[in-house]
Amino acid sequence: MKRLFDFLVALLMLSVVWPLLLVLAVLVRIRLGSPVLFSQQRPGLHGKPFFIRKFRTMSDKRDAAGELLPDAERLTAFGRFMRRFSLDELPQLFNVLKGELSLVGPRPLLMEYLPLYSREQARRHEVRPGITGWAQVNGRNAISWEERFRLDVWYVEHQSFWLDMKILWMTLLKVVRSEGVSQQGHATMEKFRGSAS
């Protein structure tokens, strides 16, 4: 039922927002260049890799050695606007159609984090990752990694259709209020380096 709901809602949303997707694609191309989409491998259900796609929000600015500058220096005003209202996330609706993402579930993080999780934290991969999730509506990027993982596992243990409906509604409110977009002192959130416990 969850998979069918995800597919139908994603299809409906894409049928409504496709003009916005085209406009955003043109703006990203003009302001940030190509490629328009940022593509990165992430762990999905049971840690199986897939490629997540978002609109680019950062420039390709590099230092004298040719290395990319830190995120905070590459995130443009246009990119901050996109992130503030989660517009960069819209292409992930195609990931939902393909069954790689759910509308609701723990956010897919970096592949490099997989060996750093404790056994309990790794339980976040027992369900399909989502565009939004319980951790996103309870702090998003403004909470600690430990709190985020605790909330992710709570979702795994308590997931239900009505909880998903609640999370989707809370997500809409969070986006409108632009809450928790970044962690203090970071463009998004500091890297996870493993838990102390």
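Note on numbering: residues in each chain are counted from 1, in written sequence order. Residues qualify for local features only when their pLDDT is at least 70, as the model is predicted, and side-chain atom pairs are given and counted only at 80 or more; totals for whole chains, interfaces and linings, by contrast, use all residues. The basis for every side-chain value is the complete set of heavy atoms in the structure, and neither hydrogens nor water enter the calculation.

**Some points on the packing of aromatic side chains**
- Two aromatic rings from Phe, Tyr or Trp, using only the six-membered ring of Trp, form a pair when their centres are within 6.5 Å; if the ring planes differ by under 30 degrees the pair is stacked, by over 60 it is edge-to-face, and anything between is tilted. As enumerated under the stated definition, the model contains 11 aromatic pairs in all.
- Both rings, one in Phe149 and one in Phe192, keep their centres 5.0 Å apart while their planes meet at 80°; by these two values the pair is edge-to-face. With a gap of 43 residues between them, Phe149 in helix 5 (residues 145–158) and Phe192 in the segment after helix 6 (161–177) connect regions that are remote in the sequence. One exposure class covers both Phe149 and Phe192, and it is buried.
- Members of the aromatic cluster, each reached through a chain of ring pairs, are Tyr113, Tyr117, Trp145, Phe149 and Phe192. Put simply, DSSP H or I for four residues or longer makes a helix, DSSP E for two residues or longer makes a strand, and each gets a number counted from the N terminus. Type-normalised accessible area, obtained with a 1.4 Å probe on protein chains alone, sets the label of each residue: buried when under 20%, exposed when over 50%, and partly exposed for intermediate values.

**What about the pairing of strand 2 (residues 49–55)?**
- Whether two strands pair comes down to DSSP finding at least two bridges between them. Direction of pairing for strand 1 (residues 37–43) relative to strand 2: antiparallel, over a ladder of seven bridges. Bridging from a neighbouring strand, Gln40 pairs with Ile52 of strand 2.
- Remark: five residues form the turn of the hairpin made by strand 1 and strand 2, two consecutive strands paired antiparallel; His46 in that turn has positive phi of roughly 60°.

**Quick word on helix 6**
- Each residue after the first adds 1.5 Å to the expected span of a helix. Taking 1.5 Å per residue, 17 residues should reach 24 Å; helix 6 reaches 25 Å between its end C-alpha atoms and fits that length.
- Buried residues of helix 6: Leu163, Asp164, Ile167, Met170, Thr171 and Val175, and no others. Buried residues of helix 6 fall within an arc of 140° about the axis and therefore sit on the same side. Among the exposed residues of helix 6, those pointing more than 90 degrees away from its buried face are Trp162, Trp169, Val176 and Arg177.
- In this description, contact between two residues means that some pair of their heavy atoms is separated by no more than 4.5 Å. Turning to helix 6, the residues buried within the fold contact helix 1 (2–32), helix 3 (77–84), strand 3 (102–104), strand 4 (130–132) and helix 5. Arc definition: directions from the helix axis to the C-beta atoms.

**Side note on the pattern of salt bridges**
- The salt bridge criterion pairs a side-chain nitrogen of Lys or Arg with a carboxyl oxygen of Asp or Glu, the two atoms within 4 Å. The final tally for this structure, using the stated rule, is 10 salt bridges.
- Salt-bridge contacts for Lys191 lead to Glu112; the nearest nitrogen and oxygen are separated by 3.1 Å. One end of the pair, Lys191, is in the segment after helix 6; the other, Glu112, is in the loop between strand 3 and strand 4, with 79 residues separating them in the sequence.
- Residues Arg123 and Glu157 are paired through a salt bridge, measuring 2.7 Å at the closest nitrogen-oxygen approach. Within this pair, whereas Arg123 is found in the loop between strand 3 and strand 4, its partner Glu157 is found in helix 5, the two being separated by 34 residues in sequence.
- Through salt bridges with shared partners, a single network forms among Glu120, Arg123, Glu126 and Glu157.

**Some details on the environment of Leu69**
- In this fold, Leu69 is placed in the loop between strand 2 and helix 2 (71–74).
- For the pair Leu69 and Ser59, spaced 10 residues apart in sequence, the C-alpha separation works out to 9.3 Å.
- With residues up to four places along the chain from it excluded, the contact list for Leu69 reads Lys61, Arg62, Asp63 and Arg74.

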